[in-house]
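Letter by letter, the chains look like this.
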Amino acid sequence: MTSAHSILLCLGLCLCKGTRTQEADGLPKPSLRAENGSLVPQGGAVTLRCRASWEAEEWWLEKDKASGWENVKSVRQAGHEGKFLFPSVTSSDAGPYRCLYRNSSSGLSKISDSLKLVVTGLSPPPSLAALPSSKPAPGQNVTLRCWSEGWYGWCVLHKDGEEISRCRTRSHERGYQADFFFPAVNLTHDGTYRCYGFHSSSPYEWSSPSAPLVLRVSDAAALDYTVGNLVRLILAGLVLVLLGVLLIKHWKSSTGQPIQGVLG
Ligand SMILES: *[C@@H]1O[C@H](CO)[C@@H](O)[C@H](O)[C@H]1NC(C)=O
């Protein structure tokens, strides 16, 4: 009985979903963006912008909750963009969002791709260190180590505000750490790095960022250039001296010759 009921219920839901998807096939999907990036510190403000190539009257924002996608905000706003303001984000705002719009003459749009809103500052920051040095020579191997005394299942590495890598931590004597290995670094590795920790059970709720770590491969490269220039300068000097010596020899022999000739 119960299973028959749930099958019927599921069938109904699936049919409803199917109908809605068919309706949604009409208008092109909008794009969803976070105004100043999708990483927001707890208590900070963020505006999600749903943009469409079509004119629309009404916009909806859906969030992926434990029970599935749920409508969380809607605005009536004529034009090509609907804005959803979060004046002060909390951990419960973290997660994937998507949006859609309605146009009175053509109906509903397709659903946008999802945007993952990450809330940071929800736990103490990990530490970030460069091994063996934050000023490596070009071609050297560098490990960026993100570690924490408290437990994090994952560490995320950001370079100049962009995520470049993430990996699972492993336990060690001081707590938990993740190593990001960069073989044979070059000038493109220059930048400011930060890392964050999070638990796999809440992948959109991150720690505060580590203190920034500035990696400068170019400093060592600049030193190389200076040494190179010095060598070139010394070589040029030696050539000049050699030329001078040759000139003096030539001048001596050419002034000496006639005298010898007169004497002879
Ligand atoms: C750098 O790392 C590579 C592996 O990617 C390894 O083969 C090489 O020996 C390392 N070089 C040094 C100087 O440690």
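Refer to the structure printed above.
Numbering of residues starts from 1 in every chain and runs along the sequence as written. Totals for whole chains, interfaces and linings use all residues, but because this is a predicted model, local features are given only for residues with pLDDT of at least 70 and pairs of side-chain atoms are given and counted only at 80 or more. To get the side-chain values, all heavy atoms of the structure are used, and hydrogens and water are removed first.

Undergrad: I keep staring at the packing of aromatic side chains and nothing clicks. Help me out?
TA: One pair of aromatic rings is described through two measures. These are the centre distance and the angle between the planes. Here the aromatic set is Phe, Tyr and Trp, taking the six-membered ring for Trp, and pairing holds for ring centres within 6.5 Å; pairs whose planes are under 30 degrees apart are stacked, those over 60 apart are edge-to-face, and all others are tilted. Counted according to the given criterion, the structure contains seven aromatic pairs. Centroid distance W151 to Y176: 6.5 Å. Interplanar angle 80°. Geometry classified as edge-to-face. On the criterion of sequence distance, the pair formed by W151 in the loop between β9 (142-148) and β10 (154-159) and Y176 in strand β13 (residues 175-182) is long-range, its members being 25 residues apart. Taken together through their ring pairs, the aromatic side chains of W154, Y196, F198 and W206 make up a single cluster. Either the NZ atom of lysine or the CZ atom of arginine qualifies as a charge over a ring when it sits within 6 Å of the ring centre and within 35 degrees of the ring normal. Here K73 stacks its cationic end above the ring of F86, 4.5 Å away from the centre of that ring. Between the NZ or CZ atom of R98 and the centre of the ring of W69, over which it lies, the distance is 4.1 Å. Think of it this way: any DSSP run of H or I at least four residues long counts as a helix, any run of E at least two long counts as a strand, and we number them from the N terminus.

Undergrad: Looking at this structure, how should I read the site of the ligand?
TA: Proximity is defined per residue: any heavy atom of the residue falling within 4 Å of a molecule or strand makes that residue near it. Every residue near the ligand is listed here: N141, F181 and P183. Throughout, the Shrake-Rupley method with a 1.4 Å probe supplies accessible areas, and for residues the shown protein chains are the sole cover considered. When the free accessible area of the ligand is taken as 370 Å², the share hidden by the protein chains comes to 22%.

Undergrad: In this structure, what is going on with the sheet that holds strand β14 (residues 191-198)? I would like to understand it.
TA: The antiparallel open sheet is built from four strands, whose spatial order is β11-β10-β14-β15. Where the open sheet ends on each side, the last strands, each with one partner, are β11 (162-168) and β15 (213-215). On average, adjacent strands in this sheet sit at an angle of 30° to one another, irrespective of strand direction. As paired strands, β10 and β11 are joined by six bridges and run antiparallel to one another. Looking across to β11, one finds that H158 is bridged to E163. Two strands pair if DSSP finds at least two bridges between them. For every element, the axis is a line fit to its C-alpha atoms; helices are fit only across the contacting stretch, and the angle between N-to-C directions ranges from 0 to 180 degrees.

Undergrad: I'm lost on the layout of surface pockets in this one. Help?
TA: To find the voids left in a structure, one rolls a probe of water-molecule size over its atoms. Here the second largest pocket defines a volume of roughly 210 Å³. In terms of lining, the second largest pocket is formed by 13 residues, of which the most central are S38, L39, V118, E163 and W206. Put simply, the parts of the chain that give the lining of the second largest pocket at least two residues each are β7 (115-120) and β11. Residue contributions to the lining of the second largest pocket peak at three residues, all from β11. Segmentation of the chain into domains, including their bounds, is taken from an automatic or database domain assignment. When residues of the lining of the second largest pocket are assigned to domains, at least three fall in each of domain 1 (21-119) and domain 2 (127-215). Whether a set of points on the 1 Å grid over the protein atoms alone is a cavity depends on a 1.4 Å probe fitting there but being unable to get out, while an open set qualifies as a pocket with protein on both sides within 12 Å along at least five of seven lines; lining residues are those with an atom within 4 Å of a point. Grid points are joined across faces, edges and corners, and a volume is the space filled by probe spheres set on the points.

Undergrad: Help me out: how do you make sense of unusual backbone geometry in this one?
TA: Generally, phi is negative for residues other than glycine and the peptide bonds are trans, each holding for most cases. Look at the link from L131 to P132: it is a cis peptide, with omega at 0°. Here P132 is to be found in the loop between β8 (127-131) and β9. Of note in the backbone geometry, A184 takes a positive phi value of approximately 45° without being a glycine. By the secondary structure assignment, A184 is in the loop between β13 and β14.

Everything listed is a geometric property; what it means functionally is a separate question.
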